[in-house]
Amino acid sequence: MPSPAEKSIDPSDAVIRFSGVSKRFDAAKILDGIDLTVHRGEKIALMGFSGCGKTTLLRCINGLEQFDAGEIVVNGNNLSDSVLDWNRFRSRIGMVFQQFNLFPHLTVLENVMLGPVRVKKVHKAQALERAHQLLGQVGIADKANLYPEHLSGGQKQRVAIARSLAMEPDILLLDEPTSALDPPMSREVLSVIEQVAAQGMTLVMVTHELRFVAHMADRLVFINSGKVVEEGSPSDILRHAQQETTRRYLEIFETA
Ligand SMILES: Nc1ncnc2c1ncn2[C@@H]1O[C@H](COP(=O)(O)OP(=O)(O)OP(=O)(O)O)[C@@H](O)[C@H]1O
Ligand SMILES: [Mg+2]
């Protein structure tokens, strides 16, 4: 996959732009002047030690988290805009969580259809057809009528991915989507994510899966204490990280 430089990115094609974004929880500064631009179709890996602010940053992108200073513009919407239509805005941004967050009282099919029918007012028959297609795409067509409790972790995460895709988002945010899974299940889910990435969607993924990042991401963004301390092509950073903290992180996760 070409690096951002090789892709000849059009600067006007920024879909996510953070300028000087800071956030505190009580006395602690969790995000500390984040500047970050993501272009349409880019695949970004967010990495860093536990507690450095990755999830907070990701949640700021779709407004699940408030911020105190700076500016965030996503899909042309300034998130500080008081008249922003949040439902409409969020319907274009998919989010996949570490713990899947499926609705336990709904079947797999109902989980995938819910957003399109409720939020996008898609006709039920059309949503059903699309849900079947997506479940086929993520490799669990045969699980459509089961409830989440009867699925493995990897299968649940594939439902969560199908559910996000059902909304036809143009940005997909993934927060450690494989960290609750054992290695075989992680591989299954990573291969589904890779397929999705290949379709050209803008993707921002928090992960510690170094090999996957080297293979799939256009850019690795390394966060430390709420700051972007290093970013660039994964192959460069994995081989020649400039910051001591990045090197320490890579040493730990290379052997994990
Ligand atoms: N709602 C909250 N109230 C207070 N502190 C919070 C809240 N959410 C997060 N924090 C703190 O903000 C810091 C960053 O949290 P965040 O979840 O963004 O880290 P992370 O990099 O995603 O960590 P991990 O790798 O463990 O998921 C942590 O110190 C956390 O304790
Ligand atoms: Mg986190």
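Refer to the preceding data block for the structure.
This structure is a prediction, so every number in the text was calculated from the model and none was measured.

Student: Help me out: how do you make sense of the overall build of the protein in this one?
Tutor: Of the regular secondary structure elements, the protein holds nine helices and 10 strands. Relative to a compact globule of 256 residues, whose C-alpha radius of gyration would be 18 Å, the protein shows 18 Å and is just as compact. Dimensions of the protein along its principal axes, counting C-alpha atoms only, are 50 × 45 × 40 Å. A buried classification covers 41% of the 256 residues belonging to the protein.

Student: Is there a simple way to explain the packing of helix α3 (residues 108-118) against helix α4 (residues 124-137) in this structure?
Tutor: Geometrically, a packed helix pair is captured by the angle between its two axes and the distance between the axes. Interhelical geometry of α3 versus α4 gives an angle of 130° and a closest axis separation of 9 Å. The angle between α3 and α4 places the two elements in the oblique class. The way α3 lies across α4 gives a crossing that is right-handed. Note on element contacts: α4 touches α3 through Lys-124, Ala-127, Leu-128, Arg-130, Ala-131, Leu-134 and Leu-135, opposite Val-108, Leu-109, Val-112, Met-113, Pro-116 and Val-117. Of the residues contributing to the contact of α3 with α4, the split by class is 11 nonpolar, no polar and two charged.

Student: How should the site of ligand 1 be read in this particular structure?
Tutor: By nearness alone, every residue bordering ligand 1 is listed as Phe-25, Ile-30, Gly-48, Ser-50, Gly-51, Cys-52, Gly-53, Lys-54, Thr-55 and Thr-56. Residue composition of the shell around ligand 1, grouped by class: three nonpolar, six polar and one charged.

Student: When you look at the nonpolar core in this model, what are you seeing that I'm missing?
Tutor: In terms of nonpolar packing, the biggest core is built from 68 residues, with Ala-45, Leu-46, Val-112, Ala-162, Leu-173, Val-204 and Val-221 touching the most fellow members. Here the element with the most residues in this core is helix α5 (residues 153-166); it accounts for six residues. Apart from the residues lying within four places of it in its own chain, the contact partners of Val-204 are Val-38, Ile-44, Leu-46, Leu-58, Ile-61 and Leu-173.

Student: Sorry if this is basic, but what is going on with helix α1 (residues 54-61) here?
Tutor: The periodicity of an α-helix, 3.6 residues per turn, causes residues three or four positions apart to be oriented the same way. The buried fraction of α1 amounts to six of the eight residues, a majority that puts the element mostly inside the structure. All of the buried residues along α1 are Lys-54, Thr-56, Leu-57, Leu-58, Cys-60 and Ile-61. Backbone geometry just after α1 places Gly-63 at a positive phi near 75°.

Student: Quick question: what am I supposed to make of the packing of α4 against α5 here?
Tutor: Relative to each other, α4 and α5 sit at 135°, their axes nearing to 9 Å. Relative to α5, the element α4 is oriented oblique. In the packing of α4 onto α5, the handedness of the crossing is right-handed. Taken together, the residues of α5 that come into contact with α4 (itself represented by Arg-130, Ala-131, Leu-134 and Leu-135) are Ala-162, Leu-165 and Ala-166. Split into classes, the residues belonging to the contact of α4 with α5 amount to six nonpolar, no polar and one charged.

Student: For this particular structure, what's the right way to read the sheet that holds strand β10 (residues 227-232)?
Tutor: Whether parallel or antiparallel, the strands of a sheet pair through hydrogen bonds between backbone atoms. As summarised here, the arrangement of the six strands in space is β6-β7-β8-β3-β9-β10, forming an open sheet in which the pairing is mixed. Two strands in the sheet have a free side with no partner beyond their single neighbour: β6 (93-96) and β10. Going from strand to strand, the sheet's axes swing by 20° on average, the running direction of each strand aside. Where β6 lies against strand β7 (residues 171-175), four bridges are found, and the strand directions are parallel. For Met-95, the partnering residue across the bridge sits in β7 and is Leu-173. Against the sheet, α1 makes contact with β3 (43-47), β6, β7, β8 (202-206) and β9 (219-224), and its axis sits at roughly 155° relative to β8, the strand it touches most.

Student: Just checking my understanding: could you explain the environment of Gly-94 for this structure?
Tutor: Considering the arrangement of structural elements, one finds Gly-94 in strand β6. Exposure remark for Gly-94: the 25 C-beta atoms within 10 Å place this residue in the buried category. Between the C-alpha atom of Gly-94 and that of Ala-125, which follows or precedes it by 31 residues, the distance is 22 Å. Sequence-distant contacts of Gly-94, defined by excluding residues within four places in its chain, comprise Ser-164, Leu-165, Met-167, Pro-169, Leu-172 and Leu-173.

Reading guide: rules and limits
- Residues numbered from 1 in each chain as written.
- Chains lettered and ligands numbered in written order.
- Predicted model: local features only at pLDDT ≥ 70, side-chain atom pairs only at ≥ 80, totals over all residues.
- Helix = DSSP H or I, 4+ residues; strand = E, 2+ residues; numbered from the N terminus.
- Rg over C-alpha atoms; globule rule 2.2 N^0.38 Å.
- Buried ≥ 20, exposed ≤ 12 C-beta atoms within 10 Å, placed from the backbone.
- Axes fitted to C-alpha atoms, helices over the stretch in contact; angles between N-to-C directions.
- Parallel < 35°, antiparallel > 145°, perpendicular 65-115°, else oblique.
- Left-handed = near helix turned anticlockwise from the far one by under 90°.
- Contact = placed C-beta atoms within 7 Å.
- Nonpolar A, V, L, I, M, F, W, Y, C, P; charged D, E, K, R; others polar.
- Near = placed C-beta within 6 Å.
- Core = buried A, V, L, I, M, F, W, Y, C linked by C-beta atoms within 7 Å.
- Pairing = 2+ DSSP bridges.

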